[in-house]
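# Examining the three-dimensional arrangement
Okay, here's what each chain looks like letter by letter:
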Amino acid sequence: MALSRKRQKELKRLRRSAEDLWQEQREAIDHASTVLREARRQAGNYAREEVGPRVQSAYDSRVRPVVTSARRNLSHEVLPAVSGAIGSALAVLEATRDPRVRDVVRRATKTVERVPERFAKASPIPVKKKSNVGRYVAFGIGAVAVAGVLYAAWQTLRADDDLWIEDLGEVGAADIGEDDEA
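Below: a short report on this structure. Quick caveat: nothing in here was measured; it's all calculated off a predicted structure. (Residues numbered from 1 in each chain as written. Predicted model: local features only at pLDDT ≥ 70, side-chain atom pairs only at ≥ 80, totals over all residues. Heavy atoms only, no water.)

## Quick notes on a nonpolar patch on the surface
- On the surface, V82, I86, L90 and L93 cluster together into a nonpolar patch covering about 320 Å² of accessible area.
- Along the chain, V82 turns up in helix α1 (residues 5-97). (Patch = residues over 30% accessible without salt bridge, like charges linked within 9 Å, V, L, I, M, F, W, Y side chains within 5 Å. Areas by Shrake-Rupley, 256 points an atom, 1.4 Å probe, with all protein chains shown as cover. Salt bridge = Lys/Arg side-chain N within 4 Å of Asp/Glu carboxyl O. Helix = DSSP H or I, 4+ residues; strand = E, 2+ residues; numbered from the N terminus.)

The structure is reproduced here in structure tokens:
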């Protein structure tokens, strides 16, 4: 199917316009990539020269003291409290393994069983016939562990007022001029 000359000229003009548009788009994209490359370079320079020192300064003045204090609290207060609680629990366990302690507990149990029933009924605390030493040992270990954890949490979470004092030069720098002029 043959096209008329008029249609062929219109198609050539349209093709030329499309090629011109394509060339303009390439130039625009090249220009945009050049601008983007320069903006990326400037942003890197700005981050290195302005943002980096500010972040480092904020880290040094705000974060590092808190981390140092938390690390000191952990190593000087929390860990000794936890290790003390664990040590106490291990000492109680070791004491229960000693045959002399077992003998004393056995004799105390037999003595309590020999108490006449009339004294047992008269006492405000009912005496059980069989006492379980393991229950008391577990209760003691649990109490020591809970006390150690509570002490460690209290030491860790208590407020250190001197960490939150802000520089007076930064806080009211803009407001100082108004009051001083009067």
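Okay, back to it.
## Structural notes on the pattern of salt bridges
- Enumeration according to the criterion identifies four salt bridges in this entry.
- Of the charged contacts in the structure, one is a salt bridge between E10 and R7, with a shortest N-O distance of 3.1 Å. Of this pair, E10 and R7 are both found in helix α1, three residues apart, which corresponds to roughly one turn of the helix.
- Owing to a relative accessible area of 33%, E10 belongs among the partly exposed residues under this scheme.
- Classification of R7 by relative accessible area gives partly exposed; the value is 46%.
- Measuring nitrogen to oxygen at the nearest pair gives 2.7 Å for the salt bridge that ties E38 to R41. With E38 and R41 both in helix α1 and three residues apart, this pair spans about one turn of that helix.
- Owing to a relative accessible area of 45%, R41 belongs among the partly exposed residues under this scheme. (Buried < 20%, exposed > 50% of the residue type's maximum accessible area, 1.4 Å probe, protein only.)

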